[in-house]
Amino acid sequence: MHRKRLSEAQYKKAAREKEEREKSYKSDESDYSHAGDDYVEIVEKAKSEMLKRISTTSTSSQIFAEVINQAEITVYDFNEKSQIPGPDPVKWNLNLDSINFLLANPPKIDISTIPFAETKRMFGNISRRLTPDHFMRKLQNGEKKLREWILYSPSKNALFCFQCLLFSPKPTVFGNKNEGFIDWKKCNESLQEHETSKTHAESVRIWFSRIKKEDRGVIDLELKLNIENQISYWKNVLYRVVETVSFLASRGLAFRGNSHNFGSKQNGNYLGCLELVAKFDPFLSAHIANYGNKGKGNVSYLSSNICDEFISLMSDTVIDKIVSEIKERKYFSLIVDSTPDVTTRDQLTVAIRYISNEGLPVERFLGFIPSVGHKGSDMEQALLKKFCELNIDLKFCRGQSYDNASNMSGVYNGLQTRIKNYSSTAFFVPCSAHSLNLIGSNAADTTQEGTKFFFICQAIYNFFSVSTFRWNILTNIIEKNPGCVKIKKLCSTRWSSRYDVCRAMCNGYAQVLSALNTICDDEGQKKDTRHEARSIKNKIESLNFCFMICMWTPILQRFNATSISLQSIDIDLATVVTLYDSLEKYVEDFRERFDVYLEQAKTMCSKQLFSWDGVRQKKRNKFFDETESNEELLGGEQKMKCEIFYVIIDKLAMNLRERKLSYTDINNNFGFILKLDTLDTNGIRESAKNLVKIYPEDLNETFIEELVQFKNILNLFSKEDKSSFISLLKCLTNSSLLTTFPNVEIVLRIFCCMASSNASGERSFSVLKRIKNYLRSALVDEKMSSLSILNIESDILQQIDWSDIIHKFAVLKSRKKLI
C-alpha cells in the first residue's frame, strides 16, 4: 500500500484521527456510531480549503486535480493473493477490500442451490435438517418474505447473518465466522429472535449507511465516481475483447501473428478483428487510438496476456457449466483415447457422456492431458487427478468406452479394470465402431487375394496422384462419364471408409483402364512410367480383381452405413446389438450370392477364367512315411468360392458374433424393459431383481413393483416412443409420470448414459490437428486444451453471459480503491 504525503498540517492531522477511528471502529460500538459525524467535520474543513483555492485556480478540473494530489488517497496494487469473496462466508477474508467488494456485490441467496438433504444434524437420537421454510419469514397477515440476510455455508453446515458478519457491534451467533448458527432444533425461534434484535438492527443501519455513502458529501465522492466511470469504461472494452476471443476460439482460428501492433498486416486474427470492429465502432476506434501500440507498461486490455487470461477464464467457465450439469444428472460414462500431436507429444483426450434434463444423451469434452504414458496405471493416475480437480466423483461412473488396446481394455491391468476399483458398476463397453473396423480388417487379411486386392487399389491411387499430368488424364476421362467418382486413398484407421475406394473402382473401372492404356501408348512418357502403367493394367484386367470389386463393394457399403450409425451420440447399447445382428444376418445371406457377383465380374472385365486357370497346379511332394490320401486341388470357380469367398464371409460372420457378445451381456440386463408387454409378471419381477442386485446403491426393492405397474403404462406409449431406450427415456422425462416411476427413470438413465463408442474422442483429435498444427507447434498444453474446449463446446460458449465475469475481472484489475 502506497500513500501520497500531505502538504498541509491539517490533512496530516485528519489522517491520524481517521486511522485511530478505524482501529476503534471494530472494537467500540459507541466510537463507531459517532465516526460518521466526526468524519463530516473533516470533510467540511476540506471543503473550506477547496473554496479558498477556487480564487487561485482557473478551472474546476484544476481544483479537483490539486485537491486529489494533496488529499490522502490509498492506492492498492492487486496481486495474485487478492481474492474475490466466494459464496461461502466461512472462507471470506474480511478486510477493507473484501468488505468494499461485498458492499458493491452483496451475495444473493438462491434456495434452489442449497443441498437440504446434506444439512442433517443429530440431536440425540433425532436427526434434523434445514428446510426452505427456514429462509422465509411469515408475517402476521400470512404473507411470506425471503430472509435475504441469511447466508448458508456448505463447508460449515451453518447459517450466518450477512450484515452482522460484516458490521455487528456486539458478538452474536449469526455473526461469528468461526462458529455460525447450527441448532436446527431451535432454528425458527432463533431466526425470529435475531432479526428483531437491536444488534441486528444496528448492523443493518451501518450496512445501509455504507452502501448509501455516495449520497453523503464526503471528500472521496469525486474519486469514487471517477473510479466507477473507469470501471464502466474498461468493462466496455472487455466486452469487445470477450466477443472477439469467443469468435476466434469457437472457429478454431489462430490468434497471434508476427506483429503485436495495430495497423500491421502481420498482427494476426485477434488484433485484425479488433481493427475491423473499430471501423464501425467509434468507442473501440477511440480506445485503440488512445491506448494502442503504446508498448509494455501501458494499460490497454488488448494485449496478448489479457487475451490468454480470457481464454483460460472462458474455458474454465465452460467446464464449470459442464461439471454442474454432470453433478445434477449424477450418472455418467467415460470416453478416453490418446494420439500424438504435431510435435509427437502424446495427448490423452477425456470426454464424458451423461443424460440431459430433457432425457437426451450428451457427450462433452473435458480437455487434453499431455504426456500421460501408455500404461494403465499412468492413465489411471492422470484421470484421478483430472476428476479430483473438477470435483467429479468416480463412484457415479456407470460405463467406460475405449478402443480395443490392451492397456485400456485389459481385464487384469487395463484402465477399465482399474476404474472399477472406484465404481464396481462402471462396465466396460468396447468402441462398437472400432470393433467393426477390426472385423473387416481381420477378414480381409485371412486370404492372399483379399490383401492383394487392397494393395493394388492403393497402388492405383499412388500411380496417378504422384503426377499432376497423370491425374489430369484420369480426371478428364472420369468427368466425361457421369456417375463416376475420383479414385480415393485408403485410410489405415477408418477401415470401413474403404467403401469409397471400392465404389470409385466399381463405377470407374473402365475409365481407370482407359487412362492406363493412354499412358501405356504415350511414347513421350518415361519407360519406367509406361512399364508401371502396363503392370497395373494387367493386374486389374484379371477376373480375380474384378470379382473382389464386386464382392467387397456391397459388403463395405453396409459396413460403412452401420459404422456411421454406431458413431452417433443418440444411440444405446440395445441399438448396437440390433445393428450387429442385422449385419450378421446380411453376411450370412451374402454367402449364397457367389454366382451373382461372379457374373458381374465377368461382365466387367470380359474374361471367363481366373488367373490360376490354365496354369499347371503344383503338387506337394510327400514324405516316405506318408500314406496316400485323396487330396483334391481346387481350381477355377471352386477355388475362388471355397478358398477365398467362403473364408472371408465366414470370418466376417464369426467375428461379428464374437464382438457382439461384449454388448449382449450388458444389454440382456436391461433389454427386457422394451419387451414388458410380452413378458408375464413373474418374468418381470425376476429381471427387476437382477437389476437391483447389480445396482444396489441406485435401486431399492420398490423398483420391482414399480416396474410391474409400468408394464400397463408402457402400452399407452406410441410405437415410436418405445422403439428405443433413448426415445422411451425422453418421453418419460418430459411427462407427468416421472414422479410416479422414479426408479424406472434411473434405470433408463444409467443404461442410456453408457457410451457405445468413443467417436467423441476421435472427433477431438480432428480439432487437435487444426488447433496445434505445424504453424502453431509451440502452443503450450494448457492453452491448447483451453482452445480445444472452446472450439468443441462452442454451443455452451455462446450461451454464457459474461457480464458477471467481466465485472469481477474489471474490479480485480482496478488498482484504485477508496480509503
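Structure: above.
Notes on the structure in this doc start here. (Residues numbered from 1 in each chain as written. Predicted model: local features only at pLDDT ≥ 70, side-chain atom pairs only at ≥ 80, totals over all residues. Heavy atoms only, no water.)

Turning our attention to the overall build of the chain. For the chain, the count of helices and strands is 33 helices and 13 strands. The buried share of the chain, taken over its 819 residues, is 46%. A separation threshold of at least 6 residues defines the contact pool for the chain, and within that pool the share at least 24 residues apart is 69%. Put simply, the chain shows about 43,200 Å² of open surface, and 49% of that area lies on carbon and sulfur atoms. (Helix = DSSP H or I, 4+ residues; strand = E, 2+ residues; numbered from the N terminus. Buried < 20%, exposed > 50% of the residue type's maximum accessible area, 1.4 Å probe, protein only. Contact = heavy atoms within 4.5 Å. Areas by Shrake-Rupley, 256 points an atom, 1.4 Å probe, with all protein chains shown as cover.)

Here we take up the pairing of strand 12 (residues 397-401). Taken across its 5 residues, strand 12 has 5 buried, putting it largely inside the fold. Relative to strand 12, strand 9 (residues 332-340) is paired through 4 bridges, and the arrangement is parallel. Looking at strand 12, one finds that Leu334 is bridged to Gln400. Relative to strand 13 (residues 427-428), strand 12 is paired through 2 bridges, and the arrangement is parallel. Residue Gly399 lies in a different strand from strand 13, and its bridge partner there is Phe427. (Pairing = 2+ DSSP bridges.)

Another aspect to go through is the pattern of salt bridges. Tallying each qualifying case throughout the model produces 26 salt bridges. Asp281 is paired through a salt bridge with Arg240; the nearest N and O atoms lie 2.4 Å apart. Residue Asp281 is located in the loop between helix 10 (268-278) and helix 11 (282-291), and its partner Arg240 is located in helix 9 (residues 221-250); the two are separated by 41 residues in the primary sequence. For Asp281, a relative accessible area of 13% translates into the label buried. (Salt bridge = Lys/Arg side-chain N within 4 Å of Asp/Glu carboxyl O.)

This paragraph deals with the state of the cysteines. All told, the structure shown has 0 disulfides when counted by the stated rule. Cys753 takes part in no disulfide bond, and the closest cysteine sulfur, belonging to Cys397, lies 7.9 Å away. The class for Cys753 is buried, based on a relative accessible area of 0%. (Disulfide = S-S within 2.5 Å.)

The geometry of two aromatic rings is summed up by the distance between their centres and the angle between their planes. Following the criterion strictly, the structure yields 34 aromatic pairs and no others. Taken together, a centroid distance of 6.0 Å and an interplanar angle of 45 degrees make the contact between Tyr586 and Phe590 tilted. In this pair, Tyr586 and Phe590 are both assigned in helix 23 (residues 573-590), 4 residues apart and thus about one turn of the helix distant. A relative accessible area of 28% places Tyr586 in the partly exposed class. With a centroid separation of 4.5 Å and 55 degrees between ring planes, the pair formed by Phe725 and Phe751 is classed as tilted. Of the two residues, Phe725 is situated in helix 28 (residues 725-733) and Phe751 in helix 29 (residues 742-752); the sequence distance between them amounts to 26 residues. Overall, the relative accessible area of 0% leaves Phe751 in the buried class. Through a chain of ring-to-ring contacts, the aromatic side chains of Phe547, Tyr586, Phe590, Phe594, Tyr597, Phe645 and Tyr646 assemble into a single cluster. Just above the ring of Tyr291 sits the side chain of Lys294; from NZ or CZ to the centre is 5.6 Å. If you follow Arg470 out to its NZ or CZ, it ends over the ring of Phe463, 4.5 Å from the centre. (Phe/Tyr/Trp six-rings, centres within 6.5 Å; stacked < 30°, edge-to-face > 60°. Lys NZ or Arg CZ within 6 Å of the ring centre and 35° of its normal.)

The mixed open sheet is built from 5 strands, whose spatial order is 11-10-9-12-13. Looking at which strands have only one partner, the edges of the open sheet turn out to be strand 11 (361-370) and strand 13.

Time to look at the packing of helix 16 (residues 432-444) against helix 23. Axis separation between helix 16 and helix 23 bottoms out at 12 Å; the angle between their running directions is 20 degrees. In terms of their interaxial angle, helix 16 and helix 23 are classed as roughly parallel. As helix 16 packs across helix 23, the resulting crossing turns out to be right-handed. Residue-level inspection shows Ser432, Ser435, Leu436 and Ile439 of helix 16 in contact with helix 23, the latter providing Val576, Tyr580 and Leu583. For the contact of helix 16 with helix 23, a count of residues per class yields 5 nonpolar, 2 polar and no charged. (Axes fitted to C-alpha atoms, helices over the stretch in contact; angles between N-to-C directions. Parallel < 35°, antiparallel > 145°, perpendicular 65-115°, else oblique. Left-handed = near helix turned anticlockwise from the far one by under 90°. Nonpolar A, V, L, I, M, F, W, Y, C, P; charged D, E, K, R; others polar.)

Attention shifts here to the side chain of Ser786. Looking at the secondary structure, you find Ser786 in helix 31 (residues 781-792). Within the structure, Ser786 has its side chain in polar contact with the side chain of Ser315 (distance 3.3 Å). Among residues more than four places away in sequence, those in contact with Ser786 are Ile311, Ser312 and Ser315. (Polar contact = N/O pair within 3.5 Å; in protein donor to acceptor, adjacent residues only side chain to side chain.)

For the rest of this paragraph, the subject is the nonpolar core. Among the nonpolar cores identified, the biggest contains 113 residues, and Phe547, Trp552 and Phe710 are the most heavily contacted of them. For this core, the element with the highest residue contribution is helix 22 (residues 543-566), accounting for 13 residues. Excluding its chain neighbours within four sequence positions, the residues that come into contact with Phe710 are Leu676, Phe717, Leu728, Leu732, Phe741 and Val744. Grouped together as the second largest cluster of nonpolar side chains are 75 residues, Leu284, Ile288, Phe310 and Leu366 included. (Core = buried A, V, L, I, M, F, W, Y, C linked by side-chain atoms within 4.5 Å.)

Quick look at a nonpolar patch on the surface now. On the surface, Val342, Tyr774 and Leu775 cluster together into a nonpolar patch covering about 380 Å² of accessible area. Taking relative accessible area as the criterion, Leu775 reaches 67% and is therefore assigned exposed. (Patch = residues over 30% accessible without salt bridge, like charges linked within 9 Å, V, L, I, M, F, W, Y side chains within 5 Å.)

It is the contact of helix 12 (residues 304-329) with helix 31, at a shortest axis distance of 9 Å, that shows an interaxial angle of 55 degrees. On the basis of their axis angle, the class for helix 12 and helix 31 is oblique. Helix 12 and helix 31 meet at a crossing whose hand is left-handed. Between helix 12 and helix 31, the residues in contact are Asp308, Ile311, Ser312, Met314, Ser315, Val318 and Ile319 and Lys783, Ser786, Leu787, Ile789 and Leu790, respectively.

Bringing the side chain of Lys711 into the picture now. Tracing the backbone shows Lys711 in helix 27 (residues 702-714). Despite its burial, Lys711 pairs with no opposite charge, the nearest such side chain being Asp680 at 6.9 Å. With sequence-adjacent residues up to four places away left out, Lys711 is seen in contact with Leu676, Asp677, Leu679, Asp680 and Ile684. (Lys, Arg positive; Asp, Glu negative; His and termini not counted.)

This part covers the environment of Leu253. Secondary-structure assignment places Leu253 in the loop between helix 9 and helix 10. For Leu253, a relative accessible area of 35% translates into the label partly exposed. Remark: the alpha-carbon pair of Leu253 and Asn791, spanning 538 residues in sequence, is separated by 9.2 Å. If sequence neighbours within four positions are ignored, Leu253 has contacts with Leu248, Asn269 and Arg776.

With that settled, consider the environment of Ala755. With respect to the secondary-structure elements, Ala755 resides in the loop between helix 29 and helix 30 (759-771). A sequence separation of 185 residues divides Ala755 from Asp570, and the C-alpha atoms of the two residues are 9.8 Å apart. What Ala755 contacts, discounting residues up to four positions off in sequence, is Ser333, Ile335, Arg353, Ser401 and Val429.

Of the residues making up helix 19 (residues 498-507), those classed as buried are Arg498, Tyr499, Val501, Cys502, Ala504 and Met505. The elements touched by buried residues of helix 19 are helix 17 (448-465), helix 20 (509-521) and helix 22.

With that out of the way, let us pick up the pairing of strand 9. Of all 9 residues in strand 9, 7 are buried, a share of seventy percent or more. Bridge count for strand 9 against strand 10 (residues 346-355) is 8 bridges, and the pairing is antiparallel. Residue pairing across strands places Val336 opposite Val350, the latter belonging to strand 10. With antiparallel pairing between neighbouring strands as the criterion, strand 9 and strand 10 make up a hairpin whose turn holds 5 residues, including Thr344 at a positive phi of roughly 60 degrees.

Among all residues save glycine, negative phi is the norm, and among peptide bonds the norm is trans. Positive phi is not limited to glycine here, since Asn157 has a value of about 55 degrees. Within the fold, Asn157 resides in the loop between strand 7 (150-153) and strand 8 (158-161). With relative accessibility at 12%, the residue Asn157 sits in the buried group. Phi is positive for Asn391, which is not a glycine, with a value near 60 degrees. For Asn391, the position within the fold is in the loop between helix 13 (376-390) and strand 12. With a relative accessible area of 54%, Asn391 lands in the exposed category.

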